[in-house]
Amino acid sequence: MIDSEGFRANVGIILTNAAGQVFWARRLRQNAWQFPQGGIGVDETPEEAMYRELGEEVGLAPEDVILCGCTGDWLHYRLPRRLVRRNHRPVCVGQKQLWYMLRVVEEEPPVRLDATDHPEFDTWRWVDYWRPARDVVYFKRRVYARALSELAGMAPRPPGPPPRDVRARCR
């Protein structure tokens with residue numbers, strides 16, 4: 001689903017544990033780390049897409065998590081020009097995302113990165129709450145900072161204010 005401005009509708013998932021850390025996963029055979037995310041199908045609500053992506057990318061079911069909250073509006077990022085596929089119609093210039101914060105129920109959640117035939121990730125770890133806003137690929141940093149800032153109060157252990165370098169991206 002690409003809107004009239006060229007943005008693909010998408011959901012992002014910030015998965016937290018009781019210690020306030022976040023789930024950080026490495027894309028398959030790449031040195032690129034990110035949160036789980038994925039497109040919204042034409043017959044899906046954003047929440048349905050979020051639970052589908054959670055199952056496909058992380059192997060978790062709705063009963064493995066507690067829904068803490070969602071961003072109030074879409075957050076947008078543009079792809080760098082070199083990544084825009086101009087020969088596809090409609091042209092996708094970036095993504096608009098609704099971000100969800102979930103907390104795992106178990107201390108050791110039953111994560112399965114191979115839950116589908118086409119896994120997205122090959123490894124994962126729990127990291128400090130603000131780290132993804134610094135470590136994700138550069139063109140997603142502002143969206144990550146804004147999502148983490150907006151949802152920080154819903155985290156199991158609120159992380160405190162963002163560090164100065166992250167705070168600057170939230171504007």
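Notes on the structure follow. (Residues numbered from 1 in each chain as written. Predicted model: local features only at pLDDT ≥ 70, side-chain atom pairs only at ≥ 80, totals over all residues. Heavy atoms only, no water.)

**A short note on the overall build of the protein chain**
Across its full length, the protein chain holds 4 helices and 8 strands. Listing the helices and strands of the protein chain from first to last along the sequence gives β-β-β-β-α-β-β-β-β-α-α-α. Over its C-alpha trace the protein chain gives a radius of gyration of 15 Å, about what one expects of a compact globule, namely 16 Å for 171 residues. Split into buried and exposed, the 171 residues of the protein chain put 43% on the buried side. Put simply, 72% of the contacts in the protein chain that link residues at least 6 apart link residues at least 24 apart. Summed over its atoms, the accessible surface of the protein chain is roughly 9100 Å², and 47% of this surface lies on carbon and sulfur atoms. On the protein chain, the mean spot of the 26 positive side-chain charges and the mean spot of the 23 negative ones are 12 Å from each other. (Helix = DSSP H or I, 4+ residues; strand = E, 2+ residues; numbered from the N terminus. Rg over C-alpha atoms; globule rule 2.2 N^0.38 Å. Buried < 20%, exposed > 50% of the residue type's maximum accessible area, 1.4 Å probe, protein only. Contact = heavy atoms within 4.5 Å. Areas by Shrake-Rupley, 256 points an atom, 1.4 Å probe, with all protein chains shown as cover. Lys, Arg positive; Asp, Glu negative; His and termini not counted. Charge placed at Lys NZ, Arg CZ, Asp CG, Glu CD.)

**Focus on the layout of surface pockets**
Empty space within the largest pocket amounts to approximately 500 Å³. Lining the largest pocket we find 15 residues, and of these L79, L83, R85, C92 and Q95 sit closest to its centre. Of the residues that constitute the lining of the largest pocket, the class distribution is 9 nonpolar, 2 polar and 4 charged. As a volume, the second largest pocket reaches approximately 330 Å³. Along the wall of the second largest pocket there are 16 residues; nearest its centre are R27, Q34, Q37, E120 and K140. Elements supplying a minimum of two residues to the lining of the second largest pocket: β1 (7–16), β3 (33–34) and β4 (37–39). (1 Å grid on protein atoms, 1.4 Å probe; cavity = no way out; pocket = protein on both sides within 12 Å on 5 of 7 lines; lining within 4 Å. Points joined across faces, edges and corners; volume = space filled by probe spheres on them. Nonpolar A, V, L, I, M, F, W, Y, C, P; charged D, E, K, R; others polar.)

**Some remarks on the nonpolar core**
Among the nonpolar cores identified, the biggest contains 24 residues, and I14, W24, F35, W99, Y129, Y144 and L148 are the most heavily contacted of them. Taken together, the elements giving at least two residues each to this core come down to β2 (22–27), β6 (75–78), β7 (94–104) and α3 (141–151). Take this core: its biggest share by element is 6 residues, from α3. Apart from the residues within four sequence positions on either side, Y144 is in contact with W24, Q34, F35, Q37, W99, P132, A133 and V136. Residues L15, L54, V65 and F121 belong to the second largest nonpolar core, which totals 20 residues. (Core = buried A, V, L, I, M, F, W, Y, C linked by side-chain atoms within 4.5 Å.)

**A few points about the environment of V91**
Assignment of secondary structure puts V91 in the loop between β6 and β7. Taking the C-alpha atoms as reference points, V91 and R141, separated by 50 residues in sequence, lie 23 Å from one another. With sequence-adjacent residues up to four places away left out, V91 is seen in contact with I2, G6, V84, R85 and R86.

**Let's talk about the side chain of Q95**
For Q95, the position within the fold is in strand β7. A polar atom in the side chain of Q95 sits 2.4 Å from the side chain of N10. Setting aside residues up to four positions removed in sequence, Q95 forms contacts with F7, R8, N10, Q37, L75, H76 and Y77. (Polar contact = N/O pair within 3.5 Å; in protein donor to acceptor, adjacent residues only side chain to side chain.)

**So, unusual backbone geometry**
For R29, which is not a glycine, the phi torsion comes out positive at approximately 55°. Among the secondary structure elements, R29 is positioned in the loop between β2 and β3.

**Observations concerning the packing of aromatic side chains**
What the rule picks out here adds up to 11 aromatic pairs. Between F35 and W99, the ring centres sit 5.8 Å apart and the planes meet at 70°, which makes this aromatic pair edge-to-face. Placement of F35 in the loop between β3 and β4 and of W99 in strand β7 is noted, with a sequence separation of 64 residues between them. Like W99, F35 is buried. The structure contains a cluster of three or more aromatic residues connected by ring pairs, namely W24, F35, W99 and Y144. Here the guanidinium or amino end of K96 rests over the ring plane of W74, the centre of that ring lying 4.9 Å away. (Phe/Tyr/Trp six-rings, centres within 6.5 Å; stacked < 30°, edge-to-face > 60°. Lys NZ or Arg CZ within 6 Å of the ring centre and 35° of its normal.)

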